[in-house]
Amino acid sequence: MIELDNVSYGYGRTALFSGLSLKLVPGSFHFLTGPSGAGKTTLLRLCYADLRANSGKVRLFGQDAGNLTRDEVAIVRRRIGVVHQDCQFLDHLSIAENIALPLTVADRIADAQNNLAELLAWVSLGPQAGQRPPELSGGERQRAALARAVIMSPDVVIADEPTGNVDWEMSQRLLSLLIELNRMGKTILIATHDLAMIRSVKADVNARVLRLSRGQLVQAGADL
Amino acid sequence: MKTILAFIIGDPLADGAVPSTGVSARLTVFVAAAMAFLAVFALALSLTAGRLADSWADDLAQSATLRLPADLDQTNAALRAAVNVLQTTTGVASARVLEADEQRALLAPWFGPDVPVESLPLPQLIEILPDDTGYDVAGLRARLQAEVPGAVLDDHGAWREPLLAVAQRLRLLGWSVLALIGAVMAAMITLAAHAALAANAQIIRVLRLVGARDGYIARAFVRRFTLRAGLGAAVGAGLALLVLQAMPAADVVSGTGTHFGFVGLDWIWLLAIPVLSAIVAFLATRVAASRRLKEQT
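Worth saying up front: this structure is predicted, and the values here are computed from it rather than measured.

**Quick word on the sheet that holds strand β3 (residues 124-130) of chain B**
Residue and element names in this part refer to chain B.
And step 1. Across the sheet, which stays open at both edges, the four strands sit in the order β2-β3-β1-β4 with antiparallel pairing between neighbours. Edge positions in the sheet fall to β2 (92-97) and β4 (152-154), since each has one partner strand and no second. Here the strands of the sheet are splayed against their neighbours by 20 degrees on average, with no regard to which way each runs.
And step 2. In this sheet, β3 lies alongside β2 in antiparallel orientation, the contact comprising five bridges. Opposite A95, over in β3, you have I128 as the bridge partner.

**Things to note about the interface of chain A and chain B**
And step 1. Taken together, the 23 residues of chain A in the interface contact 23 residues of chain B.
And step 2. Counting each side, the surface lost to burial between chain A and chain B is near 2000 Å², with a carbon and sulfur contribution of 59%.
And step 3. Taken as a group, A:R70, A:Q88 and A:V105 account for 29% of the area that chain A buries against chain B, more than any other trio of residues on that side.
And step 4. In this assembly, chain A and chain B are joined by three salt bridges.
And step 5. When contributions to the side of chain A that touches chain B are tallied by element, the ones reaching two or more residues are α2 (70-77) and α3 (95-105) of chain A.
And step 6. Taken together, the residues that form the side of chain A that touches chain B break down as 10 nonpolar, four polar and nine charged.

**Quick notes on the pairing of strand β2 (residues 14-24) of chain A**
Looking along a regular strand, one sees side chains alternate from face to face of the sheet.
All names here are of chain A.
And step 1. The pairing of strand β1 (residues 2-11) with β2 spans seven bridges and is classified as antiparallel. Counted as the bridge partner of I2 is L24 from β2.
And step 2. Two successive antiparallel strands, β1 and β2, enclose a turn made up of two residues, where G12 displays a positive phi of approximately 65 degrees.

**Comments concerning the sheet that holds strand β7 (residues 156-160) of chain A**
Residues and elements named next belong to chain A.
And step 1. What the six strands build is an open sheet, ordered β6-β7-β8-β3-β9-β10; its pairing is mixed. Every interior strand has two partners, whereas the edge strands, β6 (80-83) and β10 (216-219), have only one. The mean inter-strand angle of the sheet, taken between neighbouring strand axes irrespective of direction, is 20 degrees.
And step 2. Alignment of strand β9 (residues 207-213) against β10, held across four bridges, turns out to be antiparallel. By the bridge assignment, L212 is partnered in β10 with L217.
And step 3. Against the sheet, helix α1 (residues 40-47) engages β3 (29-33), β6, β7, β8 (187-191), β9 and β10, with an angle of about 155 degrees to β7.
And step 4. Each of β6 and β7 is contacted by helix α5 (residues 138-150), which is oriented at about 170 degrees to β6, the strand it contacts most.

**Observations regarding the environment of B:T133**
Residue and element names in this part refer to chain B.
And step 1. Positionally, T133 belongs in the loop between β3 and α6 (137-147).
And step 2. Once the C-alpha coordinates of T133 and V222 are considered, the two residues, 89 residues apart in sequence, prove to be 56 Å apart.
And step 3. There is a polar contact of 2.7 Å between the side chain of T133 and the side chain of D131.

**Thoughts on α3(A)**
In an α-helix, one turn spans 3.6 residues; hence positions three or four apart end up facing the same way.
All names here are of chain A.
And step 1. Most of α3 is tucked away, with 10 of its 11 residues classed as buried.
And step 2. Within α3 the residues assigned to the buried category are I95, A96, N98, I99, A100, L101, P102, L103, T104 and V105.
And step 3. After α3 finishes, the residue D107 shows a positive phi value of roughly 55 degrees.

**A short note on the nonpolar core**
Among soluble globular proteins, nonpolar side chains are generally buried collectively.
And step 1. Of all hydrophobic cores here, the largest spans 49 residues; its most connected members are A:L101, B:V40, B:L207, B:F221 and B:F262.
And step 2. Those elements that provide at least two residues to this core are α3 of chain A together with α3 (22-61), α7 (157-199), α8 (201-209), α9 (214-246) and α10 (267-295) of chain B.
And step 3. Setting aside residues no more than four positions away along its own chain, B:F221 makes contact with B:V18, B:A196, B:L197, B:N200, B:I204 and B:T285.
And step 4. Ranked by size, the runner-up nonpolar core spans 44 residues in total, among them A:V83, A:A129, A:A147 and A:L177.

**Quick notes on the packing of aromatic side chains**
And step 1. Under the counting rule described, the total for this entry stands at five aromatic pairs over all chains.
And step 2. Relative to A:F31, the ring of A:F29 has its centre 5.2 Å away and its plane inclined at 50 degrees; by these criteria the two rings are tilted. Take A:F29 and A:F31: they sit in the same class, and that class is buried.
And step 3. Residues B:F37 and B:F41 carry aromatic rings whose centres are separated by 5.3 Å and whose planes lie at 55 degrees to one another, so their mutual orientation is tilted. Of the two residues, B:F37 and B:F41 are both situated in helix α3; the distance of four residues between them amounts to about one turn of the helix.
And step 4. Just above the ring of A:F61 sits the side chain of A:R79; from NZ or CZ to the centre is 3.9 Å.

What counts and what doesn't
- Residues numbered from 1 in each chain as written.
- Chains lettered and ligands numbered in written order.
- Predicted model: local features only at pLDDT ≥ 70, side-chain atom pairs only at ≥ 80, totals over all residues.
- Heavy atoms only, no water.
- Pairing = 2+ DSSP bridges.
- Helix = DSSP H or I, 4+ residues; strand = E, 2+ residues; numbered from the N terminus.
- Axes fitted to C-alpha atoms, helices over the stretch in contact; angles between N-to-C directions.
- Contact = heavy atoms within 4.5 Å.
- Buried area = accessible area lost by both parts, 1.4 Å probe.
- Salt bridge = Lys/Arg side-chain N within 4 Å of Asp/Glu carboxyl O.
- Nonpolar A, V, L, I, M, F, W, Y, C, P; charged D, E, K, R; others polar.
- Polar contact = N/O pair within 3.5 Å; in protein donor to acceptor, adjacent residues only side chain to side chain.
- Buried < 20%, exposed > 50% of the residue type's maximum accessible area, 1.4 Å probe, protein only.
- Core = buried A, V, L, I, M, F, W, Y, C linked by side-chain atoms within 4.5 Å.
- Phe/Tyr/Trp six-rings, centres within 6.5 Å; stacked < 30°, edge-to-face > 60°.
- Lys NZ or Arg CZ within 6 Å of the ring centre and 35° of its normal.

Okay, structure coming up:
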C-alpha cells in the first residue's frame, strides 16, 4: 500500500535519515515515535508524496512516487487522509466546508450531502458546522481535521501528532476514533512523541510501534 | 455554449475555496475598464480611417475631371469637341459640363458665396463618370490631346493615392494600438494573477494536500479574472460610448460624410470588446496559473 525502500532524505547537506525502509500493509496500525526533530513529520510527508526522497523508492499503491506528475499525486492523495499537526484549514471557510473540501476539489460535492452530517456527528461537531476554524478549540479542530481526512473514505489515514495540542481526555477520544477507523479496515499511521498515549491504547489495537532516532527506523522495544 | 454558461455561472463551493483578493480584483477591473475605454477610441479611429479610405477609393475612382483652360480660344468649340470625344469614348457613362452655380459652390469656401464666376477667367470643367467597365485613361488622353489641345484630364490619381495611403496608415495605426492595448492588458492581468496566486500560496498548498489537481486550482483563478476583465471592459466600453456620443457629430473631412465613431455594423465591434477582454484575461490567467503552479510544487 505504502512502501519506503532504502529511502534517504535530508534538508540541504544535513541528512535526516538514510537507507530507511517501511511497509504499510492494508489494515495495519502503526505508531511512529521519536524525539522532536528526528524526522517524523518528514517521513510522513514522504508517505503522502508531499516530499520526494533524495534516493531510494517510495511506492504509493504500487506507483513510484518519484515518477508521479502533480495531477497523479493529487489522485493518490485522495486515497490518503492526512491529519496535519497544524490542521491546515482554510480559515475563510466554515468547518463543514473545510471537512467537505476533499470532495469539493474532487468534483464530488454531491457526496458531501450524504456524508457530511454523519461525519460531523461521528466527531461530535454538528453544532460547530457553521463556525470558522479559528473559533474552535484545539480538540475540536483536531476532530474536524480527522473528519476531513476520512471524508473521501481513504485507504490510509496518516496523523501527525493528532493529540499534540489537546488534553488527555480529548487525545483518548481522538485515538478511539482512529482505532474505530482501523477496525473498519483502514490503514493507520500515527506520528507521536507521546509514549503514554501509545501505552494507553496498546491493549485496544494491534499496533506496531516504530521509533525514528538518529536517522534509523527501529521497532520499539517491550519497554514501551 | 453549455460549457461557457457553466464557466460563467461557476460552482459557488469551488469558487469559495479561494478567497477574493481585494487589490488584484480591483486592479483587474480598473485595468480592463481603462484598456477598453482606450480600445474604443482606437477602434473608432481605425474604423473611421477605413471608411474614409473606402469612401475616397470608391467615390474618387469613379470620377474624373476634364479641364479646359480659360484662355483657350473658341471655348465653345473646344467644349463641344471635348464632349464629343467623351461621348464617343467606350467606358464613359456620362460627361457633364459643370454649371456656373456649381463652379461658384466649389470656390465658395475660399472666396465666399458671391464670386462673379462669369467675369473671371475660370477654366471650364467637365465631370466624367465611367461605366462599369471603365475607360482607357491613356487612350482618352491621347485623343483629347489630338482633338482638344490644352485640355487636361485629371483622374484624381495624383492626390487620391497619398490620401488613401494616409487613411490606410491611420487604419493600421488604429489596429496596432488595439493590439498594443490587448498586450498591455494581458501583461497587467498576468501580473495581477501572479500576485493573487502568490497571496494565496498557503491556500493552494492546502488544496493540494486534500487532493486538488492543478486544473481545479487554476480554474478558480481563471474564472474570477475572466469575469472581472469582462465586467471591467464592459464598464470601460460603456463610458467610452458615452464620451463618443457627447462628441460633436462633425465630418472628419468636410463634405465626405464620414463621422468619427461607429456606423452600422461597426457597433458589433463595440460589443466584442468586453468579450475579447475576457478572452485575453482567460488566456493570460491560464498561462500565469499554469506557470505559477508548476513553480509552486
